[in-house]
Amino acid sequence: MRLEEPSWWYAPSDDVRARLLAPLAAVYAWAGERRIRRTQAYRSRLPVVCVGNFTAGGTGKTPLALAIARHLVDEGEHPVFLTRGFKGSHKGPRWVDADHDTAAEVGDEPLLLARAAPVMVARDRRLGAIAIEEGDRAASVIVMDDGLQNPALAKDLAIAVVDGRRGLGNGAVIPAGPLRAPLELQMALADAIVVNQPPATAGAPLAAASTVLEDLRRHFPGPVLAATPMPAGDVAWLAGAAVIAYAGIANPGRFFGLLEDLGATITARHAFPDHHPFTEADAHRLLADAAHRSARLVTTEKDLVRLMGLGRRRKELMQASTAVPIALALEDAHGSRLADLIASAVRSGGYRSGLAPRRPPPRTTSR
């Protein structure tokens, strides 16, 4: 169920719309819990590290998945990404060809992931894992981008990423709130939580990051780690630069705030829906705005790859735009803890961990 995020999901007090949608949320929660409990998970012969989230919308899981893959490469492993390929036309299983595939075919996130490691797109994660096992690419670890709530594939390490500014919203399940399933159920599926701390200037916070960390540490028995979004590469040119920022991601405010943190003067903001398929009209409008304001077009890597292989004006927009790569950085102690968790999963994961299922999630009652 895919929805644009209503602002009232993250309102500090109860909202009548959440109460009205509570019966539908209860049905959605029941169906999700039933699916998780009744599906027999496939145990891959390769260790599986999953990076997901508790809520709908963006939390920063893709930068964390990229960081984990690069860490695994540094450790001598051969990671392969497994992803659903959201918004792509191919159901898979199918290897991503970053030189020829477009976002319309495989989704935007797989094209980003392919810069760090081979990527398998598969709606059915079990079939995707089998295709990786039987494929011709060197593979020693599967890094699963999204799919915390997907019961088809057993995970050896499951990490949930939480947005430190928005937190978990009103605590209700879709469509009454942002949660993909009841929180107690989801916490039982996770081994660790990483809180993506907000940029300092990303607007008035809806939930203080320190409060989010404290609340999660009180209620979650595993490690709760803190991460901060950081630019990757040279961004000194942004200091004092007049830019037009555009983004079609789940939380464009986070990106705009980061640009301001880096010293950019944003003369215009263009926020599009998450995974927005840019049109020729969109490209024309953005290029005209840049010419009118004599400002530089700046966007995210995910938005830029969505322009690849498209029409004339969109190609011009891609060539005129500069992407600011974003990475997640963990403090030394937290980074070391995450590295230990990954190393343990790699050592004991896959067939080496046996066929015992994960601990069963507790039965829950929806709000």
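Preceding block: the structure.
So, here is what we can say about the structure in this document. (Residues numbered from 1 in each chain as written. Predicted model: local features only at pLDDT ≥ 70, side-chain atom pairs only at ≥ 80, totals over all residues. Heavy atoms only, no water.)

Let us now look at the overall build of the protein. A tally of helices and strands in the protein yields twelve helices and 13 strands. For 367 residues, the compact-globule estimate of 2.2 N^0.38 gives 21 Å, and the protein sits close to it at 20 Å. Dimensions of the protein, computed from the C-alpha atoms along their principal axes, are close to 60 × 55 × 40 Å. Burial status across the protein gives 53% buried among its 367 residues. Relative to all contacts within the protein whose residues are 6 or more apart in sequence, the contacts with residues 24 or more apart total 79%. Treating the 44 positive side-chain charges of the protein as one cloud and the 39 negative ones as another, the clouds have centres 5 Å apart. (Helix = DSSP H or I, 4+ residues; strand = E, 2+ residues; numbered from the N terminus. Rg over C-alpha atoms; globule rule 2.2 N^0.38 Å. Buried < 20%, exposed > 50% of the residue type's maximum accessible area, 1.4 Å probe, protein only. Contact = heavy atoms within 4.5 Å. Lys, Arg positive; Asp, Glu negative; His and termini not counted. Charge placed at Lys NZ, Arg CZ, Asp CG, Glu CD.)

Attention now goes to the pairing of strand β6 (residues 157–163). Across the seven residues that make up β6, a large majority, seven, are buried. The side-chain alternation of β6 yields two buried faces, one formed by L157, I159, V161 and D163 and the other by A158, A160 and V162. Both strand β1 (residues 48–52) and β6 contribute to a ladder of four bridges, which runs parallel. Residue pairing for β6: V51 is matched across the bridge by I159. (Pairing = 2+ DSSP bridges.)

Turning to the pairing of strand β11 (residues 296–299), a few remarks are in order. As paired elements, strand β9 (residues 242–247) and β11 share three bridges and run parallel to each other. Across the sheet, residue A245 finds its bridge partner in β11, namely V298.

Turning next to the sheet that holds strand β7 (residues 192–196). What the nine strands build is an open sheet, ordered β3-β4-β2-β5-β1-β6-β7-β8-β13; its pairing is mixed. Of all the strands in the sheet, the pair left with one neighbour each is β3 (94–95) and β13 (326–330). Pairing analysis gives five bridges linking strand β8 (residues 224–231) to β13, with the strands arranged antiparallel. When the bridges of β13 are listed, A227 appears paired with L330. The strands touched by helix α2 (residues 61–74) within the sheet are β1, β2 (79–83), β5 (141–145), β6, β7 and β13, with β5 carrying the most contacts at an inclination of about 170°. (Axes fitted to C-alpha atoms, helices over the stretch in contact; angles between N-to-C directions.)

Whenever strands of a sheet pair, they do so through backbone hydrogen bonds, lying parallel or antiparallel. Within the open sheet, the four strands sit side by side as β10-β9-β11-β12. Their pairing is parallel. On the outer flanks of this sheet lie β10 (265–271) and β12 (321–323), each paired with one strand and no other. Each neighbouring strand pair of the sheet contributes to a mean axis angle of 30°, computed without reference to strand direction. Note: β9 against β10, six bridges, orientation parallel. Within the sheet, the bridge partner assigned to I244 lies in β10 and is A268. Along the sheet, helix α8 (residues 252–261) makes contact with β9, β10 and β11, crossing β10 at roughly 170°. In the packing of helix α9 (residues 280–293) onto the sheet, contacts are made with β9, β10 and β11, and the angle to β10 comes to roughly 165°.

Turning next to the side chain of T59. Tracing the backbone shows T59 in the loop between β1 and α2. Polar contacts involving the side chain of T59 include one to the main-chain carbonyl oxygen of V161, which spans 3.3 Å. Residue contacts for T59: discarding those within four places in its chain leaves N53, V161, V162, D163, N196 and R254. (Polar contact = N/O pair within 3.5 Å; in protein donor to acceptor, adjacent residues only side chain to side chain.)

A full pass over the atoms with the stated rule returns 21 salt bridges. Where R17 meets D15, a salt bridge forms, and the shortest distance between an N and an O atom there is 2.9 Å. Residue classification places D15 among the buried residues on the basis of a relative accessible area of 13%. Across the salt bridge formed by R312 and E316, the nearest N and O atoms sit 3.0 Å from each other. In this pair, R312 and E316 both sit in helix α11 (residues 312–320), four residues apart, roughly one turn of the helix. The class for E316 is partly exposed, based on a relative accessible area of 28%. (Salt bridge = Lys/Arg side-chain N within 4 Å of Asp/Glu carboxyl O.)

Once that is clear, we can look at the environment of R166. Here R166 shows up in the loop between β6 and α6 (183–189). R166 gets classed as buried once you look at its relative accessible area, which sits at 7%. Taking the C-alpha atoms as reference points, R166 and V212, 46 residues apart in sequence, are found 8.5 Å from one another.

Attention now moves to the packing of α2 against helix α12 (residues 332–348). Pairs of packed helices are described in terms of their axes, by the angle between the two and the distance that separates them. Where α2 contacts α12, the axes come no closer than 11 Å and their chain directions differ by 65°. Overall, the two elements α2 and α12 adopt an arrangement that is roughly perpendicular. Where α2 crosses over α12, the handedness of that crossing is right-handed. The residues of α12 that touch α2, namely those facing L64, I68, H71 and L72, are L338, A339, I342 and V346. Grouping the constituent residues of the contact of α2 with α12 by class yields seven nonpolar, one polar and no charged. (Parallel < 35°, antiparallel > 145°, perpendicular 65-115°, else oblique. Left-handed = near helix turned anticlockwise from the far one by under 90°. Nonpolar A, V, L, I, M, F, W, Y, C, P; charged D, E, K, R; others polar.)

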